[in-house]
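Here is how the chains run, residue by residue.
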Amino acid sequence: MERSAKQIDVLHVDDNLEFADLASTFVERYDDRLSVEVETSVQAAVSSLHNVTYDCIVSDYEMPQQNGIEFLEAVRELYPNIPFILFTGKGSEAIASEAISAGVSDYLQKGSGTSQYDVLANRIINTVAQKRARQKVATTEQRLETIADNTTEILWLFTADWDTLLFVNSSYEELWGHSIEALREDPQSFLENVHPGDQDVVTQAMAQLSAGNTVDIECRVVADEDTTRWMWIKGQPVFDENNDVTKIVGYSRDITERKSLESDLERHKKVVALSGDPMYMLDADGYFEYVNTALCDVTGYTKEALIGTHVEKIVPEQGIESGEELIRSLLATEEQKGTFEMDGVIKTGDTIPLENHVSLLTSNDELQGTVGVLRDITERKEREQKLTTLHDVANKLTTSTSREQICEHVIDASEQILDFEQCVIALEDGGVLSPVAVSQAVSPEELSEFEVGEGIAGKTYKNNEPIIIDDMTTRDNVTPKNEYRSVLSLPIGEHGNFQAVSRSVGAFDETDLEIAELLISHAESALTRLTREQRLQRRNQSLEDFTDVVAHDLRNPLNVAQGHLELAKQTHENEHLETATEALDRGFDLIKQLLTLARTEREEIETKPVALGRVAQKSWDMVKHGTAEFSVTTTAIMSANEGQLCRLFENLFRNAVEHSSGDIHIEVGTLSDGFYVVDTGPGIPASKQNQIFERGFTESSNGAGFGLSIVSHIVAAHGWDIEVMTGDAGGTRFEITGVDFVES
């Protein structure tokens, strides 16, 4: 009986004949390519293997006389490559490990239900397919060696990582100009003969092949100093049963003659391919050899008036210089194509902006001339001008001081940049959109307030999506006013809506939408900025009012109380008076710290270079420090606000002195990106180090808890970071980082 090339003959060995027959039936039903023979003993199976060629063996584990592993070992001695699947009811890691060591192809545990037979059938098909694939590769390699002896092409075979040369035929030495012996010693040494301009192409192709992709490239090979060949290289990866790339196989063909013919035809191809636009062909000296009809239409000259004349007839001096510079650049980099912009001079003397797409015509690396294709870029230049003007408008918006002023700038820009004749901006307030700025062409009678969600503008704002309508008469639920047909409606974020209308159908296109969206995005940013600034102004005013109350209304009665207290102390001596004096002093100190905190929060930071050590010393001299000692070890110049830096140091020094017995040492020094203040005091418990910057936190009965909060605000205002930790001597160490040093 002849076997089909796709047929899969399986030998199933299991001492349970009933189970084996059942399994065989289901396996054969799963795929009609599968044909299963059943044997109930190892001896019978070995005998069958001598008489029949099987594609796969499926075996149970627990069987009389020999188990499945012992049967596998016997099979591997006789038939090392036949797929062997262990299909057992007794599963364990030990059995699986032993089976793998013995060379099992797959391992499957018996289960309940008929689905297990589908799984078994699928494993058989996959295992056999992998084996056949390996056989096919081996056959291909054998055929390759046979063909290699009778071909002028280079046939080659490498490992997937290109580290080992597996095969190359003798044509390599003749065409590549490199010895096979040298290639075996260094399998990637063939790259030495690849033209420098094609090195990247070849190395990228190697990477693609290693990644499992086929390649088809052309490159130049320098066989010797007088011979450069064009080679066509085609390669493909070879996969193993795990779908991993194990080898790279391919061939290289000399196509130098073909490339030479292609070079001769290149001029004609370029003329045909590029003749749809205005185009020309110049010789190496810049004289017209060919112009097409489209170029004549653009310039107003006839072909006879241009051919034979120098390109300066339609290109001014600056354009010629740009073109020559491009050609020099292309020749230096061995590129063939480039683009530059120039003005073209037409017969009337007027100029038009053009984009010139230039291709070089070369032979043996010598420039023979150029082919150019011209594109009118008037519209693009106009768009660029609009974007430039839009940038100027954006600058105006950043300095606008009211919502009305911002909206008026946007309306003016829409008229000047986009040529919108009738447009309006409505801003939202309390669920109502009210017109704030309009074009001069819009009459007051056309304006009205409307609720969010009402009309096209209201829906645009509510849904936060732009709307373009080419003809409102064709839209349901839209009632045009004053014979308006087209509308462009854009949301201004959470602020309102911009809308332009026209009595023409299709008055607005995608370019209008793109530029209008840019304009409105600037308007949204400006309105958001203004809202934020106004909110900040109100906050600062509140702080100002607060500081006025603290500085005047609270301090004045305290001053009166302090004066009377001094008078009382002059006529009476009483410990209660001393206590009252201390309380008033704490009150004044609290007022001072509150004022400092409030001013720190609202002041804008203006920085300049300051000497870190000098400011630290100055601050120390302003603090009552008793017997405490101080040292500064830096001469660094940093960028900071000197007044606020003094406050920072004063508060840190005062905090250290007040929370110690007084006999401490405080040191200031620099870090790689900042500075530190460390003392030898009692330190701050680790459990409380994350609380000390909170406003009002203190462990002193006399403290107000604002000193370190002020330090935190000063650090944040400068954009720095502060961290507290335990010093080497057990005291407290503050590290301020993110500092910009001018000199260190």
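Our subject is the structure that appears above.
Residues numbered from 1 in each chain as written. Predicted model: local features only at pLDDT ≥ 70, side-chain atom pairs only at ≥ 80, totals over all residues. Heavy atoms only, no water.

Draft legend 1. How the structure looks around the overall build of the protein chain. In terms of helices and strands, the protein chain carries 20 helices and 29 strands. A burial count over the protein chain gives 41% of its 744 residues as buried. In the protein chain, 54% of the contacts between residues at least 6 apart in sequence involve partners at least 24 apart. As displayed, the protein chain has an accessible area near 40600 Å², and 46% of this comes from carbon and sulfur atoms. (Helix = DSSP H or I, 4+ residues; strand = E, 2+ residues; numbered from the N terminus. Buried < 20%, exposed > 50% of the residue type's maximum accessible area, 1.4 Å probe, protein only. Contact = heavy atoms within 4.5 Å. Areas by Shrake-Rupley, 256 points an atom, 1.4 Å probe, with all protein chains shown as cover.)

Draft legend 2. The nonpolar core, seen in detail. By size, the foremost hydrophobic cluster in this structure holds 36 residues, and its most contacted members are L645, F649 and F675. If you tally residues by element for this core, the top one is helix 19 (residues 642–658), at eight residues. For F675, the contacting residues outside a window of four places in its chain are L612, M638, L645, L648, F649, G669, T670, W720, F734, E735, I736 and V739. Within the second largest apolar cluster, 30 residues are counted, among which are I406, I411, L488 and L513. (Core = buried A, V, L, I, M, F, W, Y, C linked by side-chain atoms within 4.5 Å.)

Draft legend 3. Main features of the packing of helix 13 (residues 378–398) against helix 14 (residues 403–416). Helix 14 packs onto helix 13 with a crossing angle of 170° between their chain directions and a minimal axis gap of 9 Å. By the angle class used here, helix 13 and helix 14 are roughly antiparallel. Residues V393, K396 and L397 of helix 13 lie in contact with helix 14, whose contacting residues are I406, H409, V410 and A413. (Axes fitted to C-alpha atoms, helices over the stretch in contact; angles between N-to-C directions. Parallel < 35°, antiparallel > 145°, perpendicular 65-115°, else oblique.)

Draft legend 4. Main features of the sheet that holds strand 21 (residues 496–502). Overall, antiparallel pairing links the six strands, which are arranged 18-17-16-21-20-19 in an open sheet. In this open sheet, the two edge strands, each paired with only one partner strand, are strand 18 (450–451) and strand 19 (467–469). Bridge count between strand 16 (residues 422–429) and strand 21: six bridges; the pairing is antiparallel. What sits directly across from A426, in strand 21, is N497. (Pairing = 2+ DSSP bridges.)

Draft legend 5. Fine view of the packing of aromatic side chains. The tally for this structure, following the rule as stated, stands at 21 aromatic pairs. The interplanar angle of 15° and the centroid separation of 5.0 Å between the aromatic rings of W620 and F630 together place this pair among those described as stacked. Pair noted here: W620 is in helix 18 (residues 612–621) and F630 is in strand 23 (residues 629–632), with a separation of 10 residues, a long-range link. Residue classification places W620 among the buried residues on the basis of a relative accessible area of 5%. Aromatic side chains F630 and F653 sit 5.2 Å apart centroid to centroid with 65° between the ring planes, which places their arrangement in the edge-to-face category. Separated by 23 residues along the polypeptide, F630 in strand 23 and F653 in helix 19 bring together distant segments of the chain. Neither residue differs from the other here; F630 and F653 are each classed as buried. Counting every residue linked through ring pairs, the aromatic cluster contains W156, F158, W162, Y172, W176 and F190. The residue whose ring lies beneath K110 is F87, and the NZ or CZ to ring-centre distance is 5.8 Å. Against the face of W230 rests K259, its NZ or CZ located 4.3 Å from the ring centre. (Phe/Tyr/Trp six-rings, centres within 6.5 Å; stacked < 30°, edge-to-face > 60°. Lys NZ or Arg CZ within 6 Å of the ring centre and 35° of its normal.)

Draft legend 6. Representation of the environment of K303 within the structure. On the secondary structure map, K303 appears in helix 11 (residues 303–306). On the accessibility criterion, K303 (31% relative accessible area) is partly exposed. Between the alpha carbons of K303 and E289 there is a distance of 10.0 Å; along the sequence they are 14 residues apart. With residues near it in sequence (within four places) discarded, K303 still touches V291, N292, T293 and C296.

Draft legend 7. Looking closely at unusual backbone geometry. Phi at Q65 takes a positive value of approximately 70°, unusual for a residue other than glycine. What makes Q65 exposed here is its relative accessible area of 63%. Unlike most non-glycine residues, N464 shows phi in positive territory, near 55°. Tracing the chain through its elements places N464 in the loop between helix 15 (455–463) and strand 19.

Draft legend 8. Structural view of the pattern of salt bridges. The full count for this structure, using the stated rule, is 22 salt bridges. Note that D60 is salt-bridged to K110, the shortest N-O span being 3.5 Å. Of this pair, D60 sits in the loop between strand 3 (56–59) and helix 3 (68–78) while K110 sits in the loop between strand 5 (106–109) and helix 5 (115–148), and the two are 50 residues apart along the sequence. E384 is the partner of K381 in a salt bridge, and the nearest nitrogen-oxygen pair spans 3.5 Å. Pair noted here: K381 and E384 are both in helix 13, with a separation of three residues, about one helical turn. What makes K381 partly exposed here is its relative accessible area of 30%. (Salt bridge = Lys/Arg side-chain N within 4 Å of Asp/Glu carboxyl O.)

Draft legend 9. A look at the packing of helix 18 against helix 19. Direction vectors running N to C along helix 18 and helix 19 enclose 50°, while the axes themselves pass 8 Å from each other. Judged on the interaxial angle alone, helix 19 and helix 18 are oblique. Handedness of the helix 18/helix 19 crossing: right-handed. Packed against helix 18, whose contacting residues are L612, R614, V615, A616, K618, S619 and W620, the element helix 19 presents E642, L645, C646, F649, E650, F653 and V657 at the interface. Residues belonging to the contact of helix 18 with helix 19 are distributed by class as follows: nine nonpolar, one polar and four charged. (Left-handed = near helix turned anticlockwise from the far one by under 90°. Nonpolar A, V, L, I, M, F, W, Y, C, P; charged D, E, K, R; others polar.)

Draft legend 10. How the structure looks around helix 1 (residues 17–30). Its 14 residues place the ends of helix 1 20 Å apart at the C-alpha level, agreeing with the 20 Å of an ideal helix rising 1.5 Å per residue. F19, A20, A23, S24 and V27 are the residues of helix 1 that are buried. Across the axial projection of helix 1, the buried residues extend over an arc of 130°, all falling on one side. Away from the buried face of helix 1 by more than 90 degrees, exposed residues E18 and R29 are located. Its side-chain oxygen placed 3.3 Å from the backbone nitrogen of E18, N16 serves as the N-cap of helix 1. (Expected span 1.5 Å × (residues − 1). Arc of directions from axis to C-beta. Polar contact = N/O pair within 3.5 Å; in protein donor to acceptor, adjacent residues only side chain to side chain.)

Draft legend 11. How the structure looks around the sheet that holds strand 6 (residues 154–159). The five strands lie next to each other as 7-6-10-9-8, forming an open sheet whose pairing is antiparallel. Each edge of the open sheet carries a strand with a single partner, namely strand 7 (165–168) and strand 8 (215–224). Going across the sheet, the axis of each strand differs from the next one's by a mean of 25°, ignoring polarity. Relative to strand 9 (residues 227–239), strand 8 runs antiparallel, the two sharing nine bridges. The residue bridging D216 from the neighbouring strand is K234, located in strand 9. The sheet strands contacting helix 8 (residues 199–210) are strand 6, strand 8, strand 9 and strand 10 (245–254), and the helix crosses strand 8 at an angle near 135°.

Draft legend 12. The environment of A45, seen in detail. Its place among the elements puts A45 in helix 2 (residues 42–51). In this structure A45 comes out as buried when scored by relative accessible area, which is 0%. Distance from A45 to F71, taken between C-alpha atoms, is 9.2 Å for residues 26 residues apart in sequence. Look past the residues within four positions of A45 in its chain and what remains in contact with it is L11, V13, E39 and F71.

Draft legend 13. Examining the environment of V452 more closely. With respect to the helices, strands and loops of the structure, V452 is situated in the loop between strand 18 and helix 15. Judged by relative accessible area, V452 falls into the partly exposed class, the value being 30%. Taking the C-alpha atoms as reference points, V452 and K462, separated by 10 residues in sequence, lie 6.2 Å from one another. In contact with V452, not counting residues within four places along its chain, are E428, G431, V432, L433, G458, Y461 and K462.

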